[in-house]
Amino acid sequence: MENVILENALLKASQEGYEAAYQYLADELLKLPEGKYPRVVYFLMCLAAGSGKSDTALILFEEAVLQKGYWFRKEELEDKDLESLFENTKFMDLKCLCEQRQRIAAENAKPFCTYRGQTASKLLLCVHGNGQNALISKSDWNFLESKELQVEAVQSATVESYDRFSWNFDNENFRQIEKCVKNLPWENYEEHILAGFSAGCDMILRTVALSDIQIEALLLQSPYIPYLQENAERIAGVCREKGIKVGIYCGELDEVCRDMAAGLYQNLAGEGVTVSLVWQPGMRHRFPDKMLMYGKASNRYSDLQ
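Residues numbered from 1 in each chain as written. Predicted model: local features only at pLDDT ≥ 70, side-chain atom pairs only at ≥ 80, totals over all residues. Heavy atoms only, no water.

Caption draft 1: Highlighting the state of the cysteines. Under the defined criterion, the tally for this structure stands at zero disulfides. Not part of a disulfide, C96 finds its nearest cysteine sulfur in C98, a span of 9.3 Å. Counting only cysteine sulfurs, C201 is the nearest neighbor of C239, a cysteine outside any disulfide, at a range of 13 Å. (Disulfide = S-S within 2.5 Å.)

Caption draft 2: Expanded view of the environment of L11. Here L11 lies in helix α1 (residues 2–16). Along the sequence, L11 and A21 sit 10 residues apart, while their C-alpha atoms lie 8.1 Å from each other. (Helix = DSSP H or I, 4+ residues; strand = E, 2+ residues; numbered from the N terminus.)

Caption draft 3: Seen up close, helix α10 (residues 258–270). Under the 1.5 Å per step criterion, the end-to-end length of α10 is 18 Å for 13 residues, consistent within 8% with the ideal 18 Å. Turning to α10, its buried residues number three or more, namely A261, A262, L264, N267 and L268. Buried residues in α10 make contact with α8 (199–210), β7 (217–221), α9 (228–242), β8 (245–251) and β9 (275–280). G272 sits one or two residues past α10 and shows a positive phi near 80°. (Expected span 1.5 Å × (residues − 1). Buried < 20%, exposed > 50% of the residue type's maximum accessible area, 1.4 Å probe, protein only. Contact = heavy atoms within 4.5 Å.)

Caption draft 4: Expanded view of the packing of helix α4 (residues 54–67) against helix α5 (residues 89–108). In the contact formed by α4 and α5, the axes pass within 10 Å of each other and the chain directions differ by 35°. Seen along the crossing, α4 lies across α5 with a hand that is left-handed. When α4 is examined against α5, the residues L58, F61, E62, V65 and L66 are found in contact with a partner set consisting of K90, F91, L94, K95, L97, C98 and R101. Across the contact of α4 with α5, the residue classes tally to eight nonpolar, no polar and four charged. (Axes fitted to C-alpha atoms, helices over the stretch in contact; angles between N-to-C directions. Left-handed = near helix turned anticlockwise from the far one by under 90°. Nonpolar A, V, L, I, M, F, W, Y, C, P; charged D, E, K, R; others polar.)

Caption draft 5: How the structure looks around the packing of aromatic side chains. In total, this model carries 10 aromatic pairs according to the counting rule given. Centre to centre, the rings of F86 and F91 are 6.2 Å apart; their planes meet at 40°, and the pair counts as tilted. Look at W141 and F287: their rings are 5.0 Å apart centre to centre, the planes differ by 80°, and that puts the pair in the edge-to-face class. Of this pair, W141 sits in helix α6 (residues 134–141) while F287 sits in the loop between β9 and β10 (292–293), and the two are 146 residues apart along the sequence. The same class applies to W141 and to F287, which are both buried. By the ring-pair criterion, three or more aromatic residues cluster together here, those being Y42, F43, F61, F72, F86 and F91. (Phe/Tyr/Trp six-rings, centres within 6.5 Å; stacked < 30°, edge-to-face > 60°.)

Encoded structure:
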């Protein structure tokens, strides 16, 4: 839900201007279930400042930091939309507080997994995208949970912002997934599925190619996969040898990942891997409200195979 309204706000900003986008997002925030929405607040700050409401942006910032305990990255607070606040003393003080909280969060961050015990015969372990966390990822993929399929999530130890995490595109960060798996009773499950969104898909491909973890299927939504560029042959070879089935899903309007999704499909299909590619109509770079398989909404893992 959060990603949907943020995408809509960005679209409205580009088509109707910041003022309209601010009003839309402010109204939608009131409709969201009780919870933490630092990304929505940050977008509101930028839209308010960008539309000339500097005082409103500062009030939002102060409430976020002092009342809700949020913090934002230094790079985010140097966004040009916030330029009207750069010389404001209160803004600078709050920015310093954010930097302190970021350092503390980075020092204390550890990998996290939602797993607490076996509840089904099959296991789907999902991997969040950059700017998300394990609970968001688990919530996105939870529509597949059933008596036969247990859904759990793993979280990176790389802090991005308040309660949000990211992955590094190297050959070390992904091993947090490998360590998570090795701490689970992986062998007790009949089938093992890795599912990811955006950058999480890149971590999954690294896990497949660079570890010996037993995996039967991959579900990749909006795959942002720079690892594919120089490792296509290795990925396809491992998937073929291990008999890993791959489902790729991407929005038709996703300019970020459309070519990567198509490239991965062509590479795997060309090597004889069981793979499907589903284009989701009218969708940009986000997790879908409903997963589509060959144009039909589905909430069953068996339909996505």
